[in-house]
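Architecture at a glance
Residues per chain, in single letters:
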Amino acid sequence: MRWFKGDFFSWFRAKCQVCHSTSSAMPSRGQVQPSQEEQSIGWASRTELYECSECKQITRFPRYNNPSQLLISRTGRCGEFANAFCLICRSLGLDARYVLDFTDHVWVEVWL
């Protein structure tokens, strides 16, 4: 678990791809439908937009659901963490399940 959370996967924090400003300078500009590419490669259900306060560049954060794409991007929030972590646990032969609650929070439970 420490390896997964510390070295392998990272929590998404908006960062400008042009001037490299971080989350505090990147207010949310809402959500849009994912592009065709985001849908086809990552099964994205929605894409979040962030605007850089410094240079006004828009950064997209597609919310991928395809575990293969998550193993490439290696970033996300609780949903992406749970999706990728459950895949890794199951590939190691562990009995794991993906849990979603009524607040739209997700996590993985592993039977040891």
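These notes cover the structure that comes with them. Model, not experiment: these values are computed from the prediction. (Residues numbered from 1 in each chain as written. Predicted model: local features only at pLDDT ≥ 70, side-chain atom pairs only at ≥ 80, totals over all residues. Heavy atoms only, no water.)

**What about the layout of surface pockets?**
This is how it is decided: Both site types are read off a 1 Å grid over the protein atoms alone. A 1.4 Å probe that fits but cannot get out defines a cavity, while an open set with protein on both sides within 12 Å along at least five of seven lines defines a pocket; lining residues have an atom within 4 Å of a point. Grid points are joined across faces, edges and corners, and a volume is the space filled by probe spheres set on the points. Runs of H or I in DSSP of at least four residues are treated as helices and runs of E of at least two as strands, each being numbered from the N terminus.
Approximately 210 Å³ is the volume attributed to the largest pocket. Lining the largest pocket are 13 residues; nearest its centre among them are R46, R63, N65, G79 and Y98. Of all the secondary-structure elements, those providing two or more residues to the lining of the largest pocket are helix 4 (78-91) and strand 6 (95-100). Top contributing element to the lining of the largest pocket by residue count: helix 4, with 4 residues.

**Thoughts on the packing of aromatic side chains**
This is how the line gets drawn: Note on ring pairs: Phe, Tyr and Trp rings are taken, using the six-membered ring of Trp, and paired if centres are within 6.5 Å. Classes follow the plane angle, with under 30 degrees stacked, over 60 edge-to-face and the rest tilted. Only protein chains enter the accessibility calculation, which uses a 1.4 Å probe. A residue is then buried if its area is under 20% of the maximum for its type, exposed if over 50%, and partly exposed in between.
The tally for this structure, following the rule as stated, stands at 11 aromatic pairs. Seen from their ring centres, F4 and F85 are 5.0 Å apart, and the 55° between their planes marks the pair as tilted. Placement of F4 in helix 1 (residues 2-8) and of F85 in helix 4 is noted, with a sequence separation of 81 residues between them. For the pair F4 and F85, a shared accessibility class is recorded, and that class is buried. On the numbers, 3.7 Å between centres and 5° between planes, the contact of F12 with F61 is stacked. In this pair, F12 is assigned in the loop between strand 1 (10-11) and strand 2 (28-32) and F61 in strand 4 (residues 58-62), connecting sequence segments 49 residues apart. Both residues of the pair, F12 and F61, belong to the buried class.

**A closer look at the pairing of strand 3 (residues 47-51)**
Cut-off, in case you're wondering: Strand pairing is assigned whenever DSSP detects at least two bridges linking the two strands.
Taken across its 5 residues, strand 3 has 5 buried, putting it largely inside the fold. Because side chains alternate across strand 3, one face comprises the buried residues T47, L49 and E51, and the other comprises E48 and Y50, equally buried. Two strands pair when backbone bridges link them, and strand 2 and strand 3 are joined in this way by 3 bridges, in the antiparallel orientation. Along strand 3, the bridge assignment pairs Q31 with E48.

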